[in-house]
Amino acid sequence: MATFESKHKYAHLQEDVIKYFLILAATISILTTFGILFSILFEAIEFFKLKSFVYFFSGTEWTPGVENSQFGALPIFAGTFMITAIAMAVALPIGLGSAIYMSEYSTPNARNVLKPLLEILAGIPTVVYGFFAAITVAPFIVKVATTVGIEASFNSALASGVVMGIMIIPYISSLSDDVISAVPDSLRKGSLALGMTKAETIMDIVIPSALPGIISATLLGISKALGETMIVVMAAGLRPNLSWNILEDMTTVTVRIVDALTGDQAFNSPATLSAFALGLALFVVTLILNVVSVRMIQKFKEKYKMSSL
Amino acid sequence: MAKNKVKIAVKDLNLWYGDKHALHGLNIELYKNKITALIGPSGCGKSTFLRCLNRMNDLITSVRVEGEVVIDGKNIYDKDVDEVSVRKRIGMVFQQPNPFPKSIYENVAYAPLKHGIVKKGSGCDELVEQSLRSAGIWNEVKDILKEPGTGLSGGQQQRLCIARTIAVKPDVILMDEPTSALDPISTEKIEALMLELKKEYTIITVTHNMQQAARIADMTAFFHLGDLIEYDETEKIFINPTQKKTEDYITGRFG
Amino acid sequence: MDKNNIFYDPSLKRRHLKSKLFKYFTLFSLVVSLVFLAIFLLDMVLKGSSAVQQTYIQVEVSYNQESIDSYRDAVAKKYLNLLSRAALREIPNQIQKNPSLMGTKQVLWMLADDQVDMYMKEYYYKIDEKDMKTLEELVKNGMVDKKFNTIFFTHGDSKSPEYSGILSAFIGTILTLAVTMLVAFPIGVATAVYLEEFSKQNWWSEFLEININNLAAIPSILFGLLGLAIYINVLGLPRSSALVGGLTLALMTLPIIVVSSRAALRSVPASIRQAGYALGLTKVQVVKDHVIPLAFPGIMTGNIIGLAHAMGETAPLIIVGMIAFIPDSPTSVMEAATVMPAQLFTWAGMPERAYIERTAAGILVLLSLLISLNSLAVYLRKKFEVKW
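Residues numbered from 1 in each chain as written. Chains lettered and ligands numbered in written order. Predicted model: local features only at pLDDT ≥ 70, side-chain atom pairs only at ≥ 80, totals over all residues.

(A) Spotlight on the overall build of chain C. Scanning chain C from terminus to terminus reveals 16 helices and 3 strands. Taken over the C-alpha trace, chain C has a radius of gyration of 29 Å; the compact-globule value for 388 residues is 21 Å, which it surpasses by more than 25%. In terms of overall dimensions, chain C has a C-alpha envelope of 85 × 80 × 40 Å along the principal axes. Looking at the 388 residues of chain C, the share that counts as buried comes to 47%. Put simply, 76% of the contacts in chain C that link residues at least 6 apart link residues at least 24 apart. (Helix = DSSP H or I, 4+ residues; strand = E, 2+ residues; numbered from the N terminus. Rg over C-alpha atoms; globule rule 2.2 N^0.38 Å. Buried ≥ 20, exposed ≤ 12 C-beta atoms within 10 Å, placed from the backbone. Contact = placed C-beta atoms within 7 Å.)

Structure (structure tokens):
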């Protein structure tokens, strides 16, 4: 009986050790998030000790590296916004259209082939997209623009935006396809039984029902576009450019982060630290987008009592 | 019997799900302004038959239909008939209430607006009110028309779906076990509504509930394994059926 | 139209047309996506296929003291500009390795300069007139030939495009991913086991869950900022090393592993657990001996997918300095290294035309590896799939 007792105690000890190890492991993911937040935050604070916070968000001059350097990130934010907008203008209609075709028109067998095929697009490394944008798409755009008599830059926002859009298509299409397929069939039947055509049923009943999920997918796509680095580093410009002309070169937050951290500036110089200020802005915006996106998809799940998506 | 006007005449109707022969050469005449109940054990083909009447079976790719369903003198399976316009004239109410995730008002107004029956504005408002009144739900929802239809109780949702169907101004309303998902009080309301509605519409309903058929139906058709076994006035079917199978089913010997 | 057709409704014609157009629009979007994919792959194959071969020139090489002093004297002067500098520079090394060569003259196929290679592959090239004449003569005499490009697979980076290869980047990728998986696999699986099997439904587990979800959505470049600020600046780990790169990627891969491992654990039915408890096993025993083995194929699949993600990642590695010029393969995780995508990024930015085909070829190699990994994951999932 005594041995039984001690064994029991030993087993409990072992169990506890394993449990604490598991808890420790789970904590690492939290440490990572806070690690990212604080490492960016502290360096960003260093930056704002040296340079104006207000000017950073409102100024239009970005001149690091020179004497009396200026850090007005507005043109950088504008460039990021423009390229993201172009990407979403490509990805949203094509991604949503593809999702609708897969879930509403194609046979289940075809869908099982088409969906993974589209998801290949999401598996291609971004450096490969960057190469494609810089070597194939950008020169093509210049060529087309020249033949119609417009001037276009080899680093045009259009080239990186379009290629980024292609990259984002599967992020939109996969999640949208999931939520559209999850809309109960009884709603489709109800609409068709009222004498609605298939397209009317999809547009007026199915899509509005799946809307929270589609919005969620869109926000996720925007977040991807804002944070995408390689495509813009390789195909977009370095010049902060406040312009509406998508054929001009523009720069983005991620491009300037890479540029600031791969140069040979001292780490504590404002030019290098500016990367962390930009990083902080990127972190906050993508975090908000993600939180809202998760809320939306939860709302959708609750509405249709779905256990998993 | 002589004063019954034939609304729908079904002639030699056969239906296959892929290789499975599900309806075997049905012949039946359904009468105007009557409630016809389709009864029979599960899988007997009564719901399949119901869906043949507004061509909902067309949505299933493996289904093949032969024979005629003549409504007001026109076979709805003729090549020049558009199934969308068939569904417009032959409304349908489902087993599970399925209001659209829109407001109560929009649920009713959606189809008439699309069909061009009314234009946005007072005409539409009027139609919505009239439909909701006919469905016996106006007093319960008149103050919450902007609220989502999915927020109503099950019985209210089903009456909303009926209102939605009426709003398109059909001739016939098909009901596929409209009360099987509802509580007894809601069921009673729907049954009363059906009796009211038959004055204007021809109603064909599938039901599992024999008492319900006996309570509300003028005519009853008994299906078994894809065959129409017996079709007659409800009273006759329940009191004095001619077929042994019908009697066995009604007395609860199988089902 | 038949006048007796009571179902005739002229307004439907327009609605049906609209319906059809809508269907075509959705089909069109799908086709456009797939055409993008096809164009893209075709473009890479077209650009990369010429790198399969590399141009060589047959010349006489003299191995003597002068060649050791200056590799420029190893071949006839007129050929000097047509041959690869980097390859010629190897001649003194060859003598050192094999002293019996000393004093001999050998007719060899020597690696040609990248411009000659571009000329032979009919791309844009820049060769001056005098050299062009020599080259044309050589071509006429059959002394110039394209051979299978072994250099690409056996060498590291080089300042001469014809002498550069993917090997050191490949080794760097393996070292980096080894670090990544060594860290991410145990932590990721342990986190999943904790969340799925041990944690109670409380604010802490909810917080963990939200956190992992957010971690997956953080742009990859920000992980690079973390790596730079913590691993390099605070912990003082060597910049550009596979260790820092691997640790950075490990944090990025973590959420993918956690999410897929949880799904695998969740797919093990509760009856297995109940059977274990009924036998008097403790929770740890049930999880360790019964649940994890059953979920293992699913966990592996998730890990492979995470690995494939990490393999294609570039941005955070650039931030931690993994774009250094690495001619020789690294031998430890502390040495400066580069990875395949970073190597491709470097090549893509080079001015020489010859690097373009190498970038495209490298992309094809990288994509093949990724496709293999993903196919392996699909295969594992199919093979061990259990229907409960």
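(B) Molecular detail of the overall build of chain B. A tally of regular secondary structure across chain B gives 10 helices and 10 strands. For a compact globule of 255 residues, the expected C-alpha radius of gyration is about 18 Å, and chain B comes in at 18 Å, within 12% of that figure. Viewed in the frame of its principal axes, chain B has a C-alpha envelope of about 55 × 45 × 35 Å. For chain B, the proportion of its 255 residues judged to be buried stands at 46%. Here the analysis covers contacts within chain B between residues at least 6 apart in sequence; of these, 68% occur between residues at least 24 apart.

(C) Structural context of the sheet that holds strand β3 (residues 144-148) of chain C. All names here are of chain C. Across the sheet, which stays open at both edges, the 3 strands sit in the order β2-β1-β3 with antiparallel pairing between neighbours. Here the strands that pair on one side only, and so sit at the sheet edges, are β2 (105-111) and β3. Pairs of neighbouring strands in the sheet enclose a mean axial angle of 40°, with direction left out of account. (Pairing = 2+ DSSP bridges. Axes fitted to C-alpha atoms, helices over the stretch in contact; angles between N-to-C directions.)

(D) Quick look at the domain arrangement of chain C. Domain annotation for chain C reports domain 1 (53-148) and domain 2 (167-384). Computed from C-alpha atoms alone, the centre-to-centre distance between domain 1 of chain C and domain 2 of chain C is 44 Å. (Domains from an automatic or database assignment.)

(E) Representation of the interface of chain A and chain B in the model. Across the contact, 15 residues belong to chain A and 20 residues belong to chain B. Of all elements in the fold, only α7 (185-193) and α8 (198-227) of chain A reach the threshold of two or more residues within the side of chain A that touches chain B. In terms of residue count, the dominant contributor to the side of chain A that touches chain B is α7(A) (6 residues). Considered class by class, the residues forming the side of chain A that touches chain B number 7 nonpolar, 5 polar and 3 charged. (Nonpolar A, V, L, I, M, F, W, Y, C, P; charged D, E, K, R; others polar.)

(F) Local environment of helix α6 (residues 154-167) of chain B. Residue and element names in this part refer to chain B. Taking 1.5 Å per residue, 14 residues should reach 20 Å; α6 reaches 20 Å between its end C-alpha atoms and fits that length. Here α6 lies mainly inside the structure; 13 of its 14 residues are buried. Phi for Lys-169, located one or two positions after α6, is positive at around 60°. (Expected span 1.5 Å × (residues − 1).)

(G) View of unusual backbone geometry. Non-glycine residue Lys169(B) carries a positive phi angle of around 60°. A positive phi angle, near 60°, is found at Glu122(C), a position not held by glycine. On the secondary structure map, Glu122(C) appears in the loop between α5 (114-120) and α6 (129-140).

(H) Broad picture of the sheet that holds strand β6 (residues 90-93) of chain B. Residue and element names in this part refer to chain B. Ordered by their spatial adjacency, 6 strands build an open sheet running β6-β7-β8-β3-β9-β10, and the pairing between neighbours is mixed. Of all the strands in the sheet, just β6 and β10 (227-233) have a single pairing partner and so form its edges. Direction aside, the axes of adjacent strands within the sheet are offset by 20° on average. Across 4 bridges, strand β3 (residues 35-39) lies against strand β9 (residues 219-224) in parallel orientation. Across the sheet, the residue bridging to Ile-39 is Phe-222, located in β9.

(I) Local environment of the nonpolar core. The biggest cluster of nonpolar side chains holds 289 residues, and the ones touching the most others in it are Ala133(A), Val163(A), Met234(A), Ala235(A), Leu83(C) and Leu222(C). Looking at this core, the element that brings in the most residues is helix α8 (residues 167-198) of chain C, giving 16 residues. Lining this core are residues from two domains, each supplying at least three of them: domain 1 (53-148) and domain 2 (167-384) of chain C. Residue contacts for Ala133(A): discarding those within four places in its chain leaves Ala138(A), Ala159(A), Ser160(A), Val163(A), Ile231(A), Met234(A) and Ala235(A). (Core = buried A, V, L, I, M, F, W, Y, C linked by C-beta atoms within 7 Å.)

(J) Fine view of the packing of helix α3 (residues 104-115) of chain B against helix α4 (residues 122-134) of chain B. Residues and elements named next belong to chain B. The N-to-C vectors of α3 and α4 enclose an angle of 115°; their axes lie 9 Å apart at closest approach. For the crossing formed where α3 meets α4, the hand is right-handed. Facing α3, whose interface residues are Tyr-105, Val-108, Ala-109, Pro-112 and Leu-113, α4 presents Cys-124, Leu-127, Val-128, Ser-131 and Leu-132. Within the contact of α3 with α4, the residues separate by chemical class into 9 nonpolar, 1 polar and no charged. (Left-handed = near helix turned anticlockwise from the far one by under 90°.)

(K) Inspection of the confidence of the model for chain C at higher detail. When pLDDT is averaged across chain C, the result is 89; 98% of the residues are at 70 or more. The complex model carries a pTM of 0.89, and its ipTM stands at 0.91. (pLDDT = per-residue confidence, 0-100.)

(L) Fine view of the environment of Glu136(C). All names here are of chain C. With respect to the helices and strands, Glu-136 occurs in helix α6. In this structure Glu-136 comes out as exposed when scored by C-beta crowding, with 12 C-beta atoms within 10 Å. Considered as a pair, Glu-136 and Lys-200 are 64 residues apart in the sequence and their alpha carbons are 78 Å apart.

(M) Inspection of the interface of chain A and chain C at higher detail. In this assembly, 66 residues from chain A lie in contact with 65 residues from chain C. In terms of residues, the side of chain A that touches chain C owes the most to one element, helix α1 (residues 2-50) of chain A, which gives 19 residues. Each residue belonging to the side of chain A that touches chain C can be placed in one class, and the counts come to 42 nonpolar, 19 polar and 5 charged.

(N) Looking closely at the environment of Ala99(A). Residue and element names in this part refer to chain A. Among the structural elements, Ala-99 can be located in helix α3 (residues 74-105). What makes Ala-99 buried here is the crowd of 30 C-beta atoms within 10 Å. In sequence terms Ala-99 and Thr-33 are 66 residues apart; their C-alpha atoms lie 33 Å from each other. Those residues in contact with Ala-99 that sit more than four places away from it in its chain are Ser-173, Ser-176, Asp-177 and Ile-180.

(O) Up close: the packing of α3(B) against α6(B). Residues and elements named next belong to chain B. Closest axis-to-axis distance for the α3/α6 pair is 8 Å, and the angle between their directions is 25°. Classed by the angle they form, the pair α3 and α6 counts as roughly parallel. Both α3 and α6 take part in a crossing whose hand is right-handed. Here Ile-104, Asn-107, Val-108, Ala-111 and Pro-112 of α3 come into contact with α6, specifically with Leu-160, Ala-163, Arg-164 and Ala-167. Across the contact of α3 with α6, the residue classes break down as 7 nonpolar, 1 polar and 1 charged. (Parallel < 35°, antiparallel > 145°, perpendicular 65-115°, else oblique.)

(P) Here's a closer look at the pairing of β6(B). Residue and element names in this part refer to chain B. Burial of the side chains of β6 extends over both faces: Ile-90 and Met-92 are buried on one face and Gly-91 and Val-93 on the other. Bridge count between β6 and strand β7 (residues 172-176): 4 bridges; the pairing is parallel. In the strand pairing of β7, Gly-91 is matched with Ile-173.

(Q) Up close: the environment of Leu13(B). Residue and element names in this part refer to chain B. Within the secondary structure layout, Leu-13 lies in strand β1 (residues 6-17). For Leu-13, a count of 21 C-beta atoms within 10 Å puts it in the buried group. Taking the C-alpha atoms as reference points, Leu-13 and Val-65, separated by 52 residues in sequence, lie 7.3 Å from one another. Not counting residues within four places of it along the chain, the set of residues in contact with Leu-13 comprises Leu-23, Gly-25, Leu-26, Cys-52, Gly-67 and Val-69.

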